[in-house]
Amino acid sequence: MTQLKESNRKNETTKLMTLIQAINDGMRLMLEEDERIIILGEDIGKNGGVFRATEGLQEQFGDDRVVDTPLSEAGIIGTSIGLAVNGFRPVAEIQFLGFIYPAYEQIMTHVSRIRMRSMSRFTVPMVIRAPYGAGIRAPEIHSDSTEILFTHMPGIKVVCPSTPYDAKGLLIAAMEDPDPVLVLEPMKNYRSKREEIPVGKYTVEIGKGKIVRKGSYVTLIAWGAMISIAEKAAEQAEKKGISCEIIDLRTLYPIDRDIIAESVQKTTRAVIIHEAHHTGGLGNDIVSIINDTAFLYLRAPIERVTGFDVPVPFFTLEEHYLPTPARVVEGIEKVLHF
Amino acid sequence: MTQLKESNRKNETTKLMTLIQAINDGMRLMLEEDERIIILGEDIGKNGGVFRATEGLQEQFGDDRVVDTPLSEAGIIGTSIGLAVNGFRPVAEIQFLGFIYPAYEQIMTHVSRIRMRSMSRFTVPMVIRAPYGAGIRAPEIHSDSTEILFTHMPGIKVVCPSTPYDAKGLLIAAMEDPDPVLVLEPMKNYRSKREEIPVGKYTVEIGKGKIVRKGSYVTLIAWGAMISIAEKAAEQAEKKGISCEIIDLRTLYPIDRDIIAESVQKTTRAVIIHEAHHTGGLGNDIVSIINDTAFLYLRAPIERVTGFDVPVPFFTLEEHYLPTPARVVEGIEKVLHF
Amino acid sequence: MEHNYPIKRIVDDKGFLVDMSFEQQIDEELVKNLYYHMLRIRTFDRKAINLQRQGRLGTYAPFEGQEAAQVGSALALNDADWVFPTYRDHGATITFGKSMATTFLYWNGRVEGCVAPADRNIFPPAVPIATQLPHAAGAAWAEKRRGTQNVAIAYFGDGATSEGDFHEGLNFASVFKVPVVFFNQNNGYAISVPIEKQMNSATIAQKSVAYGMPGYRIDGNDCFAVYFETKKAFDYARSGNGPTLIEAVTWRKGAHTTADDPSKYRLEKQGENFVDPLIRLELFMKNYGYWNDEWIQATQEKTTGEVEAAVEEMEKFPQPNVADVFDHVYAEMPAQLAEQKEAYLVHLGRRD
Amino acid sequence: MEHNYPIKRIVDDKGFLVDMSFEQQIDEELVKNLYYHMLRIRTFDRKAINLQRQGRLGTYAPFEGQEAAQVGSALALNDADWVFPTYRDHGATITFGKSMATTFLYWNGRVEGCVAPADRNIFPPAVPIATQLPHAAGAAWAEKRRGTQNVAIAYFGDGATSEGDFHEGLNFASVFKVPVVFFNQNNGYAISVPIEKQMNSATIAQKSVAYGMPGYRIDGNDCFAVYFETKKAFDYARSGNGPTLIEAVTWRKGAHTTADDPSKYRLEKQGENFVDPLIRLELFMKNYGYWNDEWIQATQEKTTGEVEAAVEEMEKFPQPNVADVFDHVYAEMPAQLAEQKEAYLVHLGRRD
Ligand SMILES: Cc1ncc(C[n+]2csc(CCOP(=O)(O)OP(=O)(O)O)c2C)c(N)n1
Ligand SMILES: Cc1ncc(C[n+]2csc(CCOP(=O)(O)OP(=O)(O)O)c2C)c(N)n1
Ligand SMILES: [Mg+2]
Ligand SMILES: [Mg+2]
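Residues numbered from 1 in each chain as written. Chains lettered and ligands numbered in written order. Predicted model: local features only at pLDDT ≥ 70, side-chain atom pairs only at ≥ 80, totals over all residues. Heavy atoms only, no water.

1. Looking at the coordination of the magnesium ion (ligand 4)
Residues and elements named next belong to chain D. Put simply, the rule is: We call an atom a donor if it is N, O or S and sits within 2.8 Å of the metal, or 3.2 Å for Na, K and Ca. Water is not counted, so some sites may look partial. Under the scheme used here, helices are H or I runs from DSSP no shorter than 4 residues and strands are E runs no shorter than 2 residues, and both carry numbers assigned from the N terminus. Think of it in three bands: with a 1.4 Å probe and only protein chains considered, a residue is buried below 20% of the maximum accessible area for its type, exposed above 50%, and partly exposed in between.
At the metal site, the magnesium ion (ligand 4) is ligated by Asp158 (OD), Asn187 (OD1) and Tyr189 (O), and these contacts range over 2.1 Å. Spacing between the donor residues of the magnesium ion (ligand 4) along their common chain follows D-x28-N-x1-Y. Pair noted here: aspartate 158 is in the loop between strand S3 (152–157) and helix H6 (164–175) and tyrosine 189 is in strand S5 (residues 189–190), with a separation of 31 residues, a long-range link. Taken as a pair, aspartate 158 and tyrosine 189 share a single burial class, namely buried.

2. Considering the coordination of the magnesium ion (ligand 3)
Residues and elements named next belong to chain C. Taken together, Asp158 (OD), Asn187 (OD1) and Tyr189 (O) make up the protein donors of the magnesium ion (ligand 3), found 2.1 Å from the metal. Binding-site remark: the magnesium ion (ligand 3) is held by donors from one chain whose sequence spacing is D-x28-N-x1-Y. Like tyrosine 189, asparagine 187 is buried.

3. Focus on the nonpolar core
One recurring pattern in soluble globular proteins is that nonpolar side chains are buried together. The condition is simple: By convention a nonpolar core is built from buried Ala, Val, Leu, Ile, Met, Phe, Trp, Tyr and Cys residues, the set being connected through side-chain atoms within 4.5 Å. The contact rule is simple, with two residues in contact once any of their heavy atoms fall within 4.5 Å.
With 244 residues, the main nonpolar core has Ile77 and Leu220 of chain A together with Ile77 and Leu220 of chain B as its most contacted residues. Residue contacts for leucine 220 of chain A: discarding those within four places in its chain leaves Ala230, Ala234, Cys244, Glu245, Ile246, Ile247, Val271, Ile273, Val328 and Ile332 of chain A.

4. Re the relation of the copies chain C and chain D
This is how the line gets drawn: Superposing copies: least-squares fit, C-alpha atoms only, residues required to have pLDDT of at least 70 in both.
Once chain C is rotated about the relating axis by 180° and shifted along it by 0.0 Å, it coincides with chain D to within an RMSD of 0.0 Å. A rotation of that kind, with that shift, is consistent with a two-fold axis. Across chain C, the smallest distance between a C-alpha and the rotation axis is recorded for glycine 164 of chain C, namely 1.8 Å. Mapped onto chain D, 100% of the interface residues of chain C are again interface residues, and the two copies thus contact each other with one and the same surface.

5. Details of the packing of helix H2 (residues 19–33) of chain B against helix H8 (residues 164–176) of chain B
Residue and element names in this part refer to chain B. What counts here: Axis lines are fitted to C-alpha atoms, over the contacting stretch for helices. Their N-to-C directions set the angle, which ranges from 0 to 180 degrees. Angular relationships are summarised with four words: roughly parallel below 35 degrees, roughly antiparallel beyond 145, roughly perpendicular across 65 to 115, and oblique for the angles in between. By definition, any crossing whose near helix is turned counterclockwise from its far helix by less than a right angle is left-handed, and any crossing with a clockwise turn is right-handed. Each residue is assigned to one class: nonpolar for Ala, Val, Leu, Ile, Met, Phe, Trp, Tyr, Cys and Pro, charged for Asp, Glu, Lys and Arg, and polar for all the others, Gly among them.
Contact pair H2 / H8: the axes reach a minimum separation of 8 Å and the direction vectors enclose 30°. Relative to H8, H2 is oriented roughly parallel. Read as a crossing pair, H2 and H8 show a hand that is right-handed. The segment H2 lies against H8, with Leu19, Ala22, Ile23, Asp25, Gly26, Met27, Leu29, Met30 and Glu33 engaging Pro164, Ala167, Lys168, Leu171, Ile172, Met175 and Glu176. Considering only residue class, the contact of H2 with H8 consists of 11 nonpolar, one polar and four charged.

6. Comments concerning the sheet that holds strand S11 (residues 244–248) of chain B
Residues and elements named next belong to chain B. What counts is decided by this rule: Strand pairing requires that DSSP identify at least two bridges connecting the strands.
Here five strands make up an open sheet; going across it, the order is S9-S11-S10-S13-S14 and the pairing mixed. Only two strands of the sheet have a single partner each, and these edge strands are strand S9 (210–213) and strand S14 (303–307). Adjacent strand axes in the sheet meet at a mean angle of 25° when their direction is disregarded. Where strand S10 (residues 218–222) lies against strand S13 (residues 270–277), three bridges are found, and the strand directions are parallel.

7. As for helix H10 (residues 293–316) of chain D
Residues and elements named next belong to chain D. How we decide: For a helix, the expected span equals 1.5 Å multiplied by the number of residues minus one. We define a polar contact as two N or O atoms separated by no more than 3.5 Å, with the added condition that, inside protein, one atom must be a possible hydrogen donor and the other a possible acceptor, whereas residues neighbouring each other in sequence contribute only through side-chain atom pairs.
Spanning 24 residues, H10 covers 34 Å between terminal C-alpha atoms, matching the ideal 34 Å at 1.5 Å per step. Looking at the buried residues of H10, the elements they touch are helix H1 (28–53), helix H4 (100–107) and helix H9 (277–287). Its side-chain oxygen 3.0 Å from the backbone nitrogen of glutamate 294, asparagine 292 forms the N-cap of H10.

8. Quick look at the site of ligand 1
Condition: Here a residue counts as near a molecule or strand whenever at least one of its heavy atoms sits within 4 Å of it. Each accessible area is a Shrake-Rupley estimate made with a 1.4 Å probe; only the visible protein chains count as cover when residues are assessed.
Around ligand 1 sit 21 residues, and of these Glu73 of chain B together with Tyr87, Arg88, Val127 and Gly159 of chain C come closest. Site remark: ligand 1 is flanked by residues from chains A, B and C. Arginine 88 of chain C is positioned such that a nitrogen or oxygen atom in its side chain is 2.7 Å from an oxygen atom of ligand 1. With respect to ligand 1, the backbone of tyrosine 189 of chain C contributes an N or O atom lying 2.9 Å from an oxygen atom. Burial of ligand 1 by the protein chains amounts to 95% of its free accessible area of 580 Å². Classifying every residue of the shell around ligand 1 gives 10 nonpolar, five polar and six charged.

9. Observations concerning the site of ligand 2
Of all residues adjacent to ligand 2, which total 21 residues, the nearest are Glu73 of chain A together with Tyr87, Arg88, Val127 and Gly159 of chain D. More than one chain lines the surroundings of ligand 2; the residues nearby belong to chains A, B and D. Here arginine 88 of chain D contributes a side-chain N or O atom positioned 2.6 Å from an oxygen atom of ligand 2. In this structure, an oxygen atom belonging to ligand 2 sits 2.9 Å away from a side-chain N or O atom of aspartate 158 of chain D. Burial of ligand 2 by the protein chains amounts to 96% of its free accessible area of 580 Å². When grouped by side-chain class, the residues that make up the shell around ligand 2 number 10 nonpolar, five polar and six charged.

10. Some words on the interface of chain C and chain D
Interface size is commonly expressed as the accessible area that is lost once the parts come together. Applied cut-off: Note on definitions: buried area is the accessible-area loss of two parts on being combined, 1.4 Å probe, summed for both. When a carboxyl oxygen of Asp or Glu lies within 4 Å of a side-chain nitrogen of Lys or Arg, that pair is called a salt bridge.
In this assembly, 22 residues from chain C lie in contact with 22 residues from chain D. Between chain C and chain D lies a buried interface of about 1,800 Å² when both sides are counted; carbon and sulfur atoms form 50% of it. Of all residues in chain C, His167, Asn200 and Val209 of chain C give up the largest surface area on contact with chain D, accounting jointly for 29% of the area buried on that side. One can count zero salt bridges joining chain C with chain D. For the pair chain C and chain D, the number of links is 16 residue pairs in polar contact (both at pLDDT 80 or more).

11. Section: helix H9 (residues 277–287) of chain C
All names here are of chain C. Note the threshold: Throughout, the arc means the angular range of directions from the helix axis out to the C-beta atoms.
Every buried residue of H9 is listed here: Pro277, Leu278, Arg280, Leu281, Phe284 and Met285. The arc enclosing the buried residues of H9, seen along the axis, measures out at 160°, which places them on a common side. Those residues of H9 hidden inside the fold are in contact with helix H1 (28–53), helix H2 (67–75), strand S7 (215–219), helix H8 (223–238) and helix H10 (293–316). Its side-chain oxygen placed 2.7 Å from the backbone nitrogen of leucine 278, aspartate 276 serves as the N-cap of H9. Downstream of H9 by a residue or two, glycine 289 has a phi angle that is positive, lying close to 75°.

12. A look at a nonpolar patch on the surface
Threshold: To count toward a patch, a residue needs a relative accessible area above 30% and no salt bridge. Like charges then connect within 9 Å, nonpolar side chains (Val, Leu, Ile, Met, Phe, Trp, Tyr) within 5 Å.
A cluster of nonpolar residues, Leu296 and Tyr297 of chain A together with Phe338 of chain B, forms a patch on the protein surface that exposes about 360 Å² of accessible area. In this fold, leucine 296 of chain A is placed in the loop between helix H11 (282–293) and strand S14 (303–307). For leucine 296 of chain A, a relative accessible area of 66% translates into the label exposed.

13. What to know about the domain arrangement of chain A
Residue and element names in this part refer to chain A. The following threshold applies: A domain assignment, automatic or from a database, supplies the domain bounds used here.
The domain architecture assigned to chain A consists of domain 1 (2–198) and domain 2 (210–336). Between domain 1 and domain 2, the C-alpha centre-to-centre distance is 26 Å. In this assembly, 31 residues from domain 1 lie in contact with 23 residues from domain 2. In total, about 2,300 Å² of surface goes out of reach between domain 1 and domain 2, with carbon and sulfur atoms giving 54% of it. The interface formed by domain 1 and domain 2 contains two salt bridges. Between lysine 210 and aspartate 166 there is a salt bridge, with the nearest N and O atoms lying 4.0 Å from each other. Among the elements of the structure, helix H1 (2–5), helix H7 (148–151), strand S6 (157–159), helix H8 (164–176) and strand S7 (181–186) are those that each provide at least two residues to the side of domain 1 that touches domain 2. Looking at the side of domain 1 that touches domain 2 residue by residue, the class counts come to 13 nonpolar, nine polar and nine charged.

14. Considerations on the domain arrangement of chain C
Domain annotation for chain C reports domain 1 (20–319) and domain 2 (321–352). In this structure, domain 1 of chain C and domain 2 of chain C have C-alpha centres spaced 37 Å apart.

15. Observations concerning the environment of isoleucine 218 of chain C
All names here are of chain C. Positionally, isoleucine 218 belongs in strand S7. The class for isoleucine 218 is buried, based on a relative accessible area of 0%. Residues isoleucine 218 and alanine 205, 13 residues apart in the sequence, show an inter-C-alpha distance of 9.1 Å.

See below:
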């Protein structure tokens, strides 16, 4: 289904882009098209963002549409709420997901609740972009992967693209969504590969996962930076004769339960991979979804290969925190030989 | 085991107390015993707290040990960190769990990480008390039940007593713990029943659940204010000939996996009850624990009877948000007739 | 510092003009308007307390003593302006045009109580303290971007000044020079915590220095001082000069909410020095020939009638709709939520 | 407002005393101490940048240009005081007694780099901006409660003043009158954002008005002004008078971090007016007869030697210990974590 939808991309003019370029491109297109869009955040103007996501945008659109803000996350989100209820469509950058916490109250009690609290009189069509995840040898606190804090928050949607194509498509979908959307951007994937993507506008539907590898013995479920770990593990497993299917969730809330259910009903086994901590991670939600939808199909307990229940360590040790292909392969073997 | 440990209570002088009185008693005892204890929060002094948890304490111990603070949750927690690393044992009251979010950054990046970041050179032996939950017709935002935000946070422990006895015992254990502990207090239980509890000091071990009803067909797992819902449901089910076992988790992190595993291995069915939202709730963790420990025993998909994926509604509608005995009974029947 | 922020008064405790420069600007229409609204919201407030005592309303946050601050500031607004109130500012929102029946509903645990008339930009009351300040800055910024002359006002208490959001809101507003007025009602207490324990600064007005914005300290029980000073700040904002911080010094006469017992933390005689703002206006009216027994009686009857009608409307209001629990979370309901809703409605149906 | 907060200087750009009242207090020991430490941390800083370029160090945050602010303030501390630094204040922490090798380790992604010597109360550097301000208030409060004369200092940047934690930290400190000095290094930029976009106030010092605490603006490149003014604030705190806010105006000469390119947002000639704090001290030494080629050379050799030794120590440091990922999360490891650890160590074993 989702595959079909995206198949028209071949007809369009395309350009080779990294994920971060795709993000930049999505914002540029929307700034051109919709004058309600206003981009704001720390160091996003002249500097073009610490990852260059907003490179060139202030130059092109001026500093009242691409705004450097004070160092104040609650201020950024709180002010965006005011802009959004009053007709604008703010796209706020939080420099790293690990620095979103000072804005947590604003997101939890207002961004996600204004529609409900005002019976849809006031709405907050805003986007929050946040680079997340470990593996780029960043200083401490910069590497958190705490998506569950937002998936457990009715009123907001959460997406997490792993490819340039999905990044642009989901970001544009988020910018057009009538509700607030948190876009989690895997830093590790920012420049890890290039992809031909349409130069024009397109969207990837929020709420739809994608099968990125077809297989029959076990379903690997992942998102963001963990997709490439899943892929490497699947290749290694393939050599051992184990055929893996991989689901890239792409949207973390509302999660695509159907794609999980169908796949696990077929493969009868599942391994979930995420870099967030084991306890309280989104992996548990997926276990529940499988429990609810594929109980009678399941041949082995679901495995979760995740970050440990420890703060993300300093970067010399972060490789020991993050799931690796080897750990995933062990998980795959475990569900197969149960 | 835990039952045994607590059996000595009969030998002691006891007193009839509500849960809130037990909390007050625990703090009073510890203020007497340990001069490092300092209680701080909004309106906890002269006013004795909006729920009277700290009633009489400032009078008895003075306003430098029982301190009214400015209206500033990040300030309360941030300052407590400084007090704790410098030899004190702060017990901070957050007036309602729904108002803890402004302090979320301090808890997430410091309270829970200082031990790790300093390789145990600096530790934060502090307690955060927070009334939580719906069902008392409180104004909006006052009724959140967002325990997952803290169980998904390595470095902190989370307890949630449902009875006066456990409340005092867990609170004292928390105050003696070398690590930070969040004590979630179910407002709905504050005055809902009285219990004879020891007047002296005792602790309830952090990390241990408790079987509060023995049964054989299905295990109900709950905590806090949901225990009485589980109990009512179990009584109704009993009338239909269904024997329910009930686990009161008491500690939400680190969770007592053994008590869950043993019970579900025996009963072969489980219903989890919590008032937090369905998606991302702690119920998913419990599903995972059962997946990991009782996969081959399970006769039916685990049921979760929870709050819905909506902000806790205004109080005229909160009864439609909260799990009810009737919904739990339906869940029980569902797992039985799978 | 205090001397830098003298309390601005136009009328004194005995109802005499102390700033003659306003003599011309005070006319009968304004006086009557102030009186009508102050009386109206006082009637509302006392009724609400009564209803709560009778179990016909949930926990309620009264504002008696703060009528001049709320009415004076709200009357200085234009219809297209934005209002960001707290749970205690329904005196202001009612004056600005929110219906009293709706306001009663709010205190009866009805989400409908958050919804202002379509032609009034009134945000749902902020419950988490100080969170509305950045919202007001943002809404004002939007007006500035559109080039209108509309402003926003954020209401907040003395306790709110301790929260980070107070600081971040004022900082943003000053950096982007947006047309917003931060209107503080310093009523002496944050629940039980007196202002001396809340802050070490002698005034709230002086906190404006941190943001390079004008700050004014006014007698919040002098409805004229409130009206004219707020209007001045609005004009300043409308002319593109940016935000202002106003500290209106007032007094919460009653409890923090109907669940609160102020005798636990306040002495009986505390606040005695504050002359009731309505009495002060009455004195003024008598001193300057605005008092007219007939009009007063008519106004009393009118406001009582309005409040009674609102009570009736509230009590006749349709029962809450269970579907509302689910229907306003997203524009389009996600599948899992739709399933939850359906399952629950089916469950309810089974039980009926 | 600016005129209320003139920049305090003791020595001018050319190295001449401009405040003669300090003539007696400046002696050879102090001058040499300042010079030694400023040179030492500059040597460290430049070495670190080099190491980073060679791939021998991770991303690094240089402080060149801010040596006077960091050394002057750190030398004014007593050994039992508390220091709450940011990621850019290792000049201060090294001066206060943290080892250079440990500091290098921090920038090499080693948690060991957070650990100060047992006899120095130095907190791990705050990475989330402004979060350390309430910590410093709390630690100072503990000292006050114990009746000691120890103080705490919180270091923070101009950007940090925009965060709520700045406000809440200063408010707590002022309300509880705790012995803490909030030491701001206004280096003109928060990454790429210049101070004019960060705040609308002409100075940072004036933000003290909001808390009713003393605020001082000093030339942060004048090590004497920094030393004496900070010491004065410490003395004030030690005597029970409570907190002080100090704004040390300085300039970050290099990039925000080695991952940053300041030419994107700063003109080449910006900051030219700031005389390098070391050069300024050298001029002073020459002007007043403290300059001694031999001692200077010996000091250069000494500091170079110390830095080289620290590099060696860092590079010879034992490999990181995987167990550390698990071992410092709780005093006693919860069962589930112990299981995760064991399973992972077994997994690693299998792969070796
Ligand atoms: C973030 C947050 N913390 C705590 C509370 C609980 N609370 C409600 S009102 C209040 C006092 C507010 O005082 P003030 O700002 O002076 O306003 P007033 O009630 O006097 O109008 C407190 C502590 C809250 N609503 N939000
Ligand atoms: C809460 C938070 N938001 C964003 C960041 C990213 N960040 C790191 S340093 C910095 C600028 C800090 O500026 P300033 O306070 O002036 O200190 P300086 O770097 O100039 O020493 C930013 C935005 C962060 N570390 N923490
Ligand atoms: Mg107040
Ligand atoms: Mg700076």
